[in-house]
Amino acid sequence: MSDIIKQYESYVMPTYGRQPVVFVRGNGCYLYNEEGVAYLDFTAGLSINNLGHCHPAVVRAAQAQLSELIHTCNLYYTKPGGELAKLISDASLGGKVFFANSGAEANECAIKLARKYGYDTSGTGKNGSASGVNEKYRIITLEHGFHGRTMATLTATAQPAKQEPFKPLLPGFTYVPANDIDALTAAVDDNVCAIMLEPVQGEGGVHPLKKEFLEAARELATKHKALLIFDEVQTGLGRTGKLFAYEHSGVKPDVMTLAKSLAGALPIGATVAAPAYSDVLTPGMHATTFGGGPVPCAAGIAVMNELTAPGFLESVETKGDFMRSLLEKLKSDGLVTEVRGAGLMLAVDLPEPKAASVVTQALASKIILNNTSEKTIRFLPPLVVEEGMIEAVVEFLQTALSV
Ligand SMILES: *Cc1c(COP(=O)(O)O)cnc(C)c1O
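Keep in mind that this is a model prediction, so the values were computed, not measured.

A. Structural view of the overall build of the protein chain. The secondary structure content of the protein chain amounts to 14 helices and 17 strands. Relative to its length of 403 residues, the protein chain is compact, with a C-alpha radius of gyration of 21 Å against a globular reference of 22 Å. Overall size of the protein chain, expressed as C-alpha extent along the three principal axes, is 65 × 55 × 50 Å. Buried residues in the protein chain amount to 52% of all 403 residues.

So, in structure tokens, the structure goes:
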């Protein structure tokens, strides 16, 4: 065993099941191990390295910023934060942005914003309730969703196995099955302050939500004066072939969260609000010391410019369609039972529970894949992937699944 792996075993908490490989360098769609062997990366750091590893525009922007100014804290203004916020706002909800450092933190802010909005609109807030307590605090999330690992976002993550050892959870969350309009309708009342969901459930196994379900969520949220929050931490920023996944359905959220690929693989999170909800959180109500620092924001500006360059998103759609058509052939050959996803966020279900062993086999073949369960393999290649690489991965699958 490599000394590096031994060091991890001795000194790093065992919270991850890591693959037995040490990477020392990344370039485009490839990662390289200590011996310089190249691995074709179809996981992209879990949809983080969307522009590929060490994209030159990201490296240039971050390096330039690193030698100018690294951190001031949020008691002062710096240049990149305002500029990145404007780029995100103009491209999405048109309101204001809160910057944090991760997806969980972006969702934490969205949850607090929703609770504050509920407080303002009933209960102990502006209107005051007969009981004198804020009753508009309930948040609806979907079964098999994933929103992060902090206590609030773990509570929002309706996956009992992940929650069990950490109970009691945060009060006020109700879970409904994805795509079940009746269950959602039954769960939403005037005491709900938010409905929170991923337009395509990522960690849950790449399950796109139906347009009608998203429309019903929009209608119910509006009717009951609740915020519709879309967690686009994984689906956002070109992954599904649109800048934001909500564009596929035409259903606009009131609040959207971003993270993962936003700063070209540097840590960042962003909570984006529509104008009507942009000033719900006021000075002193929410903060994070690192959030919106000049380096990740400078990288984020470079990322936004690349994503919105002419033809870029169209190429994601074309390559997504291409990969999907090859995966559909595996399905007609009976090697996989289902193909799901949008753009370059794709998954296949296997007839047998052997996804983990296929992922291990892939690594031996110098291909990096990820499985979300024993039956589902997920594909999140860098958006700059080439058709030949897609063919190579599907050929590997064809061989691996044929035995
Ligand atoms: C990854 C992910 C998160 C959590 O992001 P972290 O940066 O790991 O905290 C939240 N929501 C979704 C949809 C994600 O895919």
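B. Broad picture of the pairing of strand β14 (residues 345–349). β14 sits mainly inside the fold: five of its five residues count as buried. Side chains M345, A347 and D349 project from β14 onto one buried face, and the interleaved L346 and V348 project onto a second face that is buried too. Counting the residues in the hairpin turn of strand β13 (residues 338–342) and β14 gives two residues, including G343, whose phi is positive at 60 degrees.

C. Quick look at the site of the ligand. Taken together, S102, G103, A104, N107, F146, H147, G148, E198, D231, V233, Q234 and K260 are the residues near the ligand. D231 is positioned such that a nitrogen or oxygen atom in its side chain is 2.7 Å from a nitrogen atom of the ligand. For the ligand, the protein covers 80% of the area, taking 380 Å² as the surface of the free molecule. Among the elements that take part in the shell around the ligand, helix α5 (residues 103–121) stands out by supplying three residues, more than any other. Each residue belonging to the shell around the ligand can be placed in one class, and the counts come to three nonpolar, six polar and three charged.

D. Looking closely at the packing of helix α3 (residues 56–66) against helix α11 (residues 294–307). With their axes 8 Å apart at the nearest point, α3 and α11 run at an angle of 150 degrees to one another. Between α3 and α11, the angle is such that the two are roughly antiparallel. Crossing angle aside, the handedness with which α3 passes α11 is right-handed. Of the residues in α11, those touching α3 at A57, V58, A61, A62, Q65 and L66 are P294, V295, A298, A299, A302, V303 and E306. Looking at side-chain class alone, the contact of α3 with α11 contains 11 nonpolar, one polar and one charged residues.

E. Representation of the sheet that holds β14 within the structure. One open sheet holds the four strands; their spatial order is β13-β14-β17-β16, and the pairing between them is antiparallel. Edge strands, defined here as strands with exactly one partner in the open sheet, are β13 and β16 (370–371). Examined bridge by bridge, β16 and strand β17 (residues 376–379) share two bridges and lie antiparallel to one another. The partner of N371 across the bridge, within β17, is I377. This element, helix α12 (residues 312–332), spans β13, β14 and β17 of the sheet and lies at about 170 degrees to β13.

F. Structural view of unusual backbone geometry. Of the consecutive residues K167 and P168, the connecting peptide bond is found in the cis state with omega at 5 degrees. By secondary structure assignment, the location of P168 is in the loop between α7 (160–163) and β6 (173–176). Phi at K225 is positive, roughly 50 degrees, even though this residue is not glycine. Looking at the element boundaries, K225 is found in the loop between α9 (211–223) and β10 (227–231).

G. Structural context of the sheet that holds strand β12 (residues 269–273). Ordered in space as β4-β12-β11-β10-β7-β5-β6, the seven strands form an open sheet in which the pairing is mixed. The sheet terminates laterally at β4 (97–100) and β6, the two strands that pair on one side only. When the angles between neighbouring strand axes are averaged without regard to direction, this sheet yields 20 degrees. Contacts from helix α4 (residues 79–91) reach β4, β11 (255–258) and β12 within the one sheet, and its direction differs from that of β4 by about 125 degrees. Its contacts with the sheet place α9 against β5 (138–142), β7 (192–197) and β10, and it is angled at close to 165 degrees to β7.

H. Summary view of α12. Its 21 residues give α12 an end-to-end C-alpha distance of 31 Å, which sits within 8% of 30 Å, the value for a rise of 1.5 Å per residue. Among the residues of α12, F312, L313, V316, K319, G320, F322, M323, L326, L327 and L330 are the ones counted as buried. Note on α12: the residue one or two positions beyond its end, G334, has a positive phi of about 80 degrees.

I. Geometry of the state of the cysteines. As enumerated under the stated definition, the model contains zero disulfides in all. Here C73 stays unpaired: no disulfide links it, and the sulfur of C297, its closest cysteine neighbor, is 14 Å away. Accessibility expressed as a relative area gives 21% for C73, which makes it partly exposed.

J. Quick peek at a nonpolar patch on the surface. Judged by side-chain polarity, I4, Y8, Y11 and V12 come together as a nonpolar surface patch covering roughly 410 Å² of accessible area. Summarising the element assignment, I4 is placed in helix α1 (residues 3–11). Classification of I4 by relative accessible area gives partly exposed; the value is 32%.

K. Structural context of the packing of aromatic side chains. Considering all chains together, one arrives at three aromatic pairs under this definition. When the centroid spacing of 5.4 Å and the interplanar angle of 90 degrees are considered together, the rings of Y117 and Y277 count as edge-to-face. You can see Y117 sitting in helix α5 and its partner Y277 sitting in the loop between β12 and α11, a full 160 residues away along the chain. Judged by its relative accessible area of 12%, Y117 falls in the buried class. Classification of Y277 as buried rests on a relative accessible area of 16%. Seen in terms of ring centroids, F244 and Y246 are 6.0 Å apart; in terms of plane orientation they differ by 0 degrees. Their pairing is stacked. Just as F244 is buried, Y246 falls in that class too. Note that R25 overlies the ring of Y32, its terminal NZ or CZ placed 4.1 Å from the centroid.

Each value, and the rule that gives it
Residues numbered from 1 in each chain as written. Predicted model: local features only at pLDDT ≥ 70, side-chain atom pairs only at ≥ 80, totals over all residues. Heavy atoms only, no water. Helix = DSSP H or I, 4+ residues; strand = E, 2+ residues; numbered from the N terminus. Rg over C-alpha atoms; globule rule 2.2 N^0.38 Å. Buried < 20%, exposed > 50% of the residue type's maximum accessible area, 1.4 Å probe, protein only. Pairing = 2+ DSSP bridges. Near = heavy atom within 4 Å. Polar contact = N/O pair within 3.5 Å; in protein donor to acceptor, adjacent residues only side chain to side chain. Areas by Shrake-Rupley, 256 points an atom, 1.4 Å probe, with all protein chains shown as cover. Nonpolar A, V, L, I, M, F, W, Y, C, P; charged D, E, K, R; others polar. Axes fitted to C-alpha atoms, helices over the stretch in contact; angles between N-to-C directions. Parallel < 35°, antiparallel > 145°, perpendicular 65-115°, else oblique. Left-handed = near helix turned anticlockwise from the far one by under 90°. Contact = heavy atoms within 4.5 Å. Expected span 1.5 Å × (residues − 1). Disulfide = S-S within 2.5 Å. Patch = residues over 30% accessible without salt bridge, like charges linked within 9 Å, V, L, I, M, F, W, Y side chains within 5 Å. Salt bridge = Lys/Arg side-chain N within 4 Å of Asp/Glu carboxyl O. Phe/Tyr/Trp six-rings, centres within 6.5 Å; stacked < 30°, edge-to-face > 60°. Lys NZ or Arg CZ within 6 Å of the ring centre and 35° of its normal.

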